[in-house]
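Listed below are the residues making up each chain.
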Number of protein chains: 2
Amino acid sequence: MDQDIAEITASHDTGNYPVKIGKGILAEALLSAAKLFRDPAAVIVSSRVFDLHENAIIESLSGLSEYEIIKFDDSEKNKSYAYAEKILEAFIRSGISRRSGVIGIGGGVTGDFAGFLAGTYMRGIPLIHVPTTLLAMVDSSIGGKVAVNLSVGKNIVGVFHQPSMVIADLDFLTSLPYHEMANGITEAFKHGLLGDMETLEILKQNNQSSINDASTLNKLVRRSVAFKASIVERDNKESGLRAVLNYGHTVGHALESITEHAGVSHGQAVAYGMLVKSGAGLAAGMLRKEEVNLIRDIIYKYCLIKEIPKINIDELITHMVFDKKTEARQPKFVLLDGIGKPVWNKTIDEDLLKAECHKALTVGSGAQC
Amino acid sequence: MDQDIAEITASHDTGNYPVKIGKGILAEALLSAAKLFRDPAAVIVSSRVFDLHENAIIESLSGLSEYEIIKFDDSEKNKSYAYAEKILEAFIRSGISRRSGVIGIGGGVTGDFAGFLAGTYMRGIPLIHVPTTLLAMVDSSIGGKVAVNLSVGKNIVGVFHQPSMVIADLDFLTSLPYHEMANGITEAFKHGLLGDMETLEILKQNNQSSINDASTLNKLVRRSVAFKASIVERDNKESGLRAVLNYGHTVGHALESITEHAGVSHGQAVAYGMLVKSGAGLAAGMLRKEEVNLIRDIIYKYCLIKEIPKINIDELITHMVFDKKTEARQPKFVLLDGIGKPVWNKTIDEDLLKAECHKALTVGSGAQC
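S.K.: For this particular structure, what's the right way to read the overall build of chain A?
M.R.: For chain A, the count of helices and strands is 13 helices and 11 strands. Computed over C-alpha atoms, the radius of gyration of chain A comes to 20 Å, within 12% of the 21 Å expected from 2.2 N^0.38 for 369 residues, which places it in the range of a compact globule. Projected onto its principal axes, the C-alpha positions of chain A cover 60 × 45 × 35 Å. Out of the 369 residues belonging to chain A, those deemed buried represent 60%. Long-range contacts, defined here as pairs at least 24 residues apart, represent 75% of the contacts in chain A between residues at least 6 apart. Carbon together with sulfur atoms contributes 47% to the accessible area of chain A, which is approximately 14,300 Å² in total. Side-chain charges in chain A split into 39 positive and 44 negative, and the spacing between the mean points of these groups amounts to 3 Å.

Here you go:
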């Protein structure tokens, strides 16, 4: 057993919550969470994760006096407002009350869905995130953003609902394919570029293989959680600073949209966005050549972009305008004014943007993954 | 024009908002609200209210640069999670953004529905309540509780979403039938019993006719808003003190449930609950005979109970157990330890409860309305 257990406190407007990080910590952490519930807990668990880790999950839940397992076939299609209604109705039938809570076990999609249920059932009941992907551990489980999809768009309906606890058990990562690890590395890398120099060091000193070492992973997750928590703490509801966490995401979301989420993962889309932004930053004199090279080197070394299908750049740019974060229908971007120094709400000249989107396709395809 | 305009500041965990009270104030108040929106506002307006006040509403909205009127045929049936989806989709099509806001014009049902939309669209956008019933002015528009119904229960899905402004324009009350006024008087009376002595004085000194005087109404609304705001301020999320606002409501909700919302208004149900509770309080030595008489006298004078259909008391009590506010499936009540001194989380002996429920039926029917 690995004794390398970390606990980080994440603060928000009205309180704070512990983020527990380590290998094989789920049972013990859930035991300490059990006191949060005085009525049966609703356990929303990704079907895939349940199939892979059934014994460990069931054993870990034994510390709770009563719970109801609801398996969730996690996909963006099922993370819908309409499907949430079915589960909310099931909550009533299962005796889930205001004194109950929701435990979400899975990746970001499961966390979003479980979080939306917890955030809206009886005006909000306690939520425990058990992220099982590196992406969910370093990013989506922290900060309280939860949402479901409408047929007209992703994450349109949601709330800010802060968890009562986050349990990042690194044992779940042992069953995670590398391309899923890469999604998490991209977001951790983003945190590095936004100012977390230790994360950049970890990524520089390791590679696709050595990053899987338990103590390295622990450190990587710990750094990212602490960094993201420090940003969210200063701007819970994304009225300003928190927007920097969207670095690479306006371009990334547009790429995901036009490829209809087929073939291009979230991480790859964001990594592509980083290439576009770093190119634009170089052109604008905000980034130096060696900084841009560092960004490209890390993307190559960890194979953060695998393959981007043929896309129409004009279409890509049109989709940036319709990103829900845009204001007054003009795309705004986060840029780096040097590594570690994000600035937000920036516009990019359309011709430059087009040129960089083209260039990033070539650079991205150089990764040879 | 009545120059008697009041503004009360209601505080919550993360900020505060103005509650503006007066006759014919909608246009001016909306003008000051216009700065909250930088994209089109979604105006959710009760169809009934719109039919009665179309000109005034349209004129008042002229201060906003852009808005979209969505008429809402307000009923508990339409205040549903499923119907909310249709409107949320319409928001996207109408270009409602994170910088937009929702203006809800109507009674409590409209406010709940508009509030749920505002509270969940893109994780929450600004909300302005324009309550048009006395009940919504003195109670539901204050405090941030918003919710929609599932087929399995009322108000099961919702959030705490504090408004950015509440505009109580007393002109709307001129078209309100007296039985609707009575619903509001009951909640104002409840605030009086919970500790607002000035409200009790107003109710003692007036009657069904004189209460409609503009300056009396203004004072009544002002007192109730200030009282409710003072409670909510100390307990935003109903973890303790705020529970006192449910005085009369556990019994009332059960009565509403078993009469299937037909024939018994919310106000009548709560007034019936008050009679039950005051009887139980007398039996428990917590209320004096003259205090109980005062409660009955006000209920009679303002005709707060009109007629209660034949009900099965055992069924009524079963429904109290299933009220969502009950904990561990044992009904808990707010009681008065003397007028103005609420205590909460109290159980009542079942035999006593049954007897008082029976007795209140007789007392209630004595009102001769």
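There's more to say after this.
S.K.: Got a minute to help me understand the packing of aromatic side chains in this structure?
M.R.: Think of a pair of aromatic rings as described by two things: how far the centres are apart, and how the planes are tilted against each other in angle. All names here are of chain A. In total, this model carries 9 aromatic pairs over all chains according to the counting rule given. Taken together, a centroid distance of 5.1 Å and an interplanar angle of 90° make the contact between Phe91 and Tyr121 edge-to-face. One end of the pair, Phe91, is in helix H3 (residues 81-93); the other, Tyr121, is in the loop between helix H4 (108-120) and strand E6 (127-131), and 30 residues separate them in sequence. For Phe91, a relative accessible area of 0% translates into the label buried. Relative accessible area serves as the criterion here: at 0%, Tyr121 is assigned to the buried category.

S.K.: Just checking my understanding: could you explain unusual backbone geometry for this structure?
M.R.: Residues and elements named next belong to chain A. With a phi close to 55°, Asn155 is a non-glycine residue in the positive phi region. Structurally, Asn155 can be placed in strand E8 (residues 153-160). Here Asn155 falls in the buried class, since its relative accessible area comes to 16%. Within the chain, Cys303 stands out as a residue other than glycine whose phi angle is a positive 55°. Structurally, Cys303 is set in the loop between helix H11 (289-301) and helix H12 (313-321).

S.K.: Is there a simple way to think about the packing of helix H7 (residues 197-205) of chain B against helix H8 (residues 214-234) of chain B in this case?
M.R.: Relative orientation and spacing of two packed helices are given, respectively, by the angle between their axes and the distance between those axes. All names here are of chain B. The N-to-C vectors of H7 and H8 enclose an angle of 150°; their axes lie 9 Å apart at closest approach. With respect to their mutual orientation, H7 and H8 come out roughly antiparallel. As for how H7 packs across H8, the hand of that crossing is left-handed. On the side of H7, the interface is formed by Glu198, Thr199, Ile202 and Leu203, while H8 contributes Thr216, Lys219, Leu220, Arg223 and Ser224. For the contact of H7 with H8, a count of residues per class yields 3 nonpolar, 3 polar and 3 charged.

S.K.: Explain the packing of helix H6 (residues 178-194) of chain B against helix H10 (residues 266-283) of chain B here, please?
M.R.: All names here are of chain B. Across the interface, H6 lies against H10 with an axial gap of 7 Å and an inter-helix angle of 35°. In the packing of H6 onto H10, the handedness of the crossing is left-handed. In this structure, H6 uses Asn183, Thr186, Glu187, Phe189, Lys190 and Leu193 to contact H10, whose residues at the interface are His266, Gly267, Gln268, Val270, Ala271 and Met274. The residue makeup of the contact of H6 with H10, split by class, is 5 nonpolar, 5 polar and 2 charged.

S.K.: Would you mind showing me how to read the sheet that holds E6(A) here?
M.R.: Working definition: the strands of a sheet are paired by backbone hydrogen bonds and lie parallel or antiparallel to each other. All names here are of chain A. One open sheet holds the 7 strands; their spatial order is E1-E2-E9-E6-E5-E3-E4, and the pairing between them is mixed. The strands lining the two open edges of the sheet, one partner per strand, are strand E1 (6-12) and strand E4 (67-72). Averaged over all pairs of adjacent strands, the angle between their axes in this sheet comes to 15°, without regard to strand direction. Sheet topology note: the strand E3 (residues 41-46)/strand E5 (residues 102-106) ladder contains 4 bridges and is parallel. Bridged to Ile44 within E5 is Gly104. Packing of helix H8 (residues 214-234) onto the sheet brings it into contact with E1, strand E2 (15-22) and strand E9 (165-169), and relative to E1 it is tilted by some 15°.

S.K.: Quick question: what am I supposed to make of the relation of the copies chain B and chain A here?
M.R.: Note that the two copies of the chain are related through a rotation about an axis and a translation along the same axis. Overlaying chain B with chain A gives an RMSD of 0.0 Å, the required rotation being 180° about an axis along which the chain moves by 0.0 Å. Viewed as a symmetry operation, the transformation between the two copies matches a two-fold axis. Here 100% of the interface residues in chain B have copies in chain A that are interface residues too; the copies meet face to matching face.

S.K.: Please clarify how the pattern of salt bridges should be interpreted in this entry.
M.R.: Here the structure, examined in full by the defined rule, presents 36 salt bridges over all chains. We note a salt bridge from A:Glu201 to A:Lys204, for which the minimum N-O separation is 3.5 Å. On the criterion of helical spacing, the pair formed by A:Glu201 and A:Lys204 is a turn pair, its members being 3 residues apart in helix H7 (residues 197-205). Overall, A:Lys204 belongs to the partly exposed group, its relative accessible area being 41%. In this structure, the salt-bridge partner of B:Lys190 is B:Glu187, at a minimum N-O distance of 2.9 Å. With B:Lys190 and B:Glu187 both in helix H6 and 3 residues apart, the pair spans about one turn of that helix. Counted as one network, the salt bridges with shared partners bring together A:Glu76, A:Lys79, A:Asp112 and A:Lys154.

S.K.: In this structure, what is going on with the interface of chain B and chain A? I would like to understand it.
M.R.: Where interface size is given, it is often the accessible area lost as the parts come together that is meant. With 40 residues of chain B in contact, the opposing surface of chain A contributes 40 residues. For the pair chain B and chain A, the summed buried area comes to about 3,400 Å², and 58% of that belongs to carbon and sulfur atoms. Our enumeration of links across chain B and chain A arrives at 2 salt bridges. Of the charged contacts, one joins B:Arg98 and A:Glu238 as a salt bridge, the two residues approaching to 3.6 Å between their closest N and O atoms. Across the contact surface, chain B and chain A share 13 residue pairs in polar contact (both at pLDDT 80 or more). Within the side of chain B that touches chain A, the residues separate by chemical class into 17 nonpolar, 8 polar and 15 charged.

S.K.: Is there a simple way to think about the side chain of B:Asp196 in this case?
M.R.: Residue and element names in this part refer to chain B. Here Asp196 lies in the loop between H6 and H7. Separated by 2.4 Å, the side chains of Asp196 and Thr199 make a polar contact. Not counting residues up to four positions away in its chain, the partners in contact with Asp196 are His191, Arg223 and Phe227.

S.K.: Whenever I open this one, the nonpolar core confuses me. Can you help?
M.R.: Generally speaking, soluble globular proteins have nonpolar side chains that are buried together. B:Phe189, B:Tyr272 and B:Leu316 are the most contacted members of the largest nonpolar core, which totals 75 residues. For B:Leu316, the contacting residues outside a window of four places in its chain are B:Val251, B:Ala254, B:Leu255, B:Ile258, B:Tyr272, B:Ile311 and B:Cys357. Grouped together as the second largest cluster of nonpolar side chains are 74 residues, A:Ile142, A:Tyr302, A:Ile339 and A:Ile348 included.

S.K.: Whenever I open this one, the sheet that holds strand E6 (residues 127-131) of chain B confuses me. Can you help?
M.R.: Residue and element names in this part refer to chain B. Strand order in the open sheet made by the 7 strands is E1-E2-E9-E6-E5-E3-E4, with mixed pairing throughout. Every other strand in the sheet has two partners, leaving strand E1 (6-12) and strand E4 (67-72) as the edge strands with one partner each. The sheet shows a mean angle of 15° between the axes of neighbouring strands, direction not considered. Bridge count between strand E2 (residues 15-22) and strand E9 (residues 165-169): 4 bridges; the pairing is parallel. Its bridge partner lying in E9, Lys20 is registered against Ile167.

What counts, and at which threshold
- Along each chain, residues carry numbers from 1 onward, in the same order as the chain's sequence is written.
- Following the order in which they are written, the chains are lettered starting with A and the ligands numbered starting with 1.
- Given that the model is predicted, a residue must reach a pLDDT of at least 70 before its local features are reported, and side-chain atom pairs must reach 80 or more before they are shown or counted; all residues, however, enter totals for whole chains, interfaces and linings.
- In computing side-chain values, all of the structure's heavy atoms are included and hydrogens and water are not.
- We count a stretch as a helix when DSSP gives it H or I for four or more residues in a row; a strand needs E for two or more, and each element gets its number in order from the N terminus.
- Every radius of gyration here is taken over C-alpha atoms, with the globule rule written as 2.2 Å times N^0.38, N being the number of residues.
- Three exposure classes are used, based on accessible area relative to the maximum for each residue type with a 1.4 Å probe and protein chains only: buried under 20%, partly exposed in between, and exposed over 50%.
- The contact definition used throughout considers only heavy atoms, calling two residues in contact when any of these lie within 4.5 Å.
- Using a 1.4 Å probe, accessible areas were evaluated by the Shrake-Rupley method; residue-level cover was limited to the displayed protein chains.
- Two residue types count as positive, namely Lys and Arg, and two as negative, namely Asp and Glu; His and chain ends fall outside the count.
- A charged residue contributes its charge at one atom only: NZ of Lys, CZ of Arg, CG of Asp or CD of Glu.
- Aromatic pairs are defined between Phe, Tyr and Trp rings, using the six-membered ring for Trp, whenever the two ring centres lie within 6.5 Å; interplanar angles under 30 degrees are classed as stacked, those over 60 as edge-to-face, and all others as tilted.
- Convention adopted: a line fitted to C-alpha atoms gives each axis, helices being fitted over their contacting stretch, and angles between N-to-C directions are expressed from 0 to 180 degrees.
- Comment on the angle field: the value is read as roughly parallel under 35 degrees, roughly antiparallel over 145, roughly perpendicular from 65 to 115, and oblique elsewhere.
- By convention the crossing between two helices is left-handed if the near helix lies anticlockwise of the far one by an angle smaller than a right angle, and right-handed if it lies clockwise.
- Any residue that is not Ala, Val, Leu, Ile, Met, Phe, Trp, Tyr, Cys, Pro, Asp, Glu, Lys or Arg is counted as polar, Gly included; the first ten are nonpolar and the last four charged.
- Between any two strands, at least two bridges found by DSSP are needed for them to pair.
- Here the copies are matched by least squares. The fit uses the C-alpha atoms of residues with pLDDT of at least 70 in both.
- By definition here, a salt bridge exists when the distance from a side-chain nitrogen of Lys or Arg to a carboxyl oxygen of Asp or Glu is within 4 Å.
- Two parts placed together each lose some accessible area under a 1.4 Å probe, and the buried area is that loss summed for both.
- Any pair of nitrogen or oxygen atoms within 3.5 Å is treated as a polar contact; in protein, a donor-acceptor pairing is required on top of that, and neighbouring residues in sequence qualify only through side-chain atoms on both sides.
- Take the buried residues of types Ala, Val, Leu, Ile, Met, Phe, Trp, Tyr and Cys, join any two whose side-chain atoms come within 4.5 Å, and each joined set is a nonpolar core.

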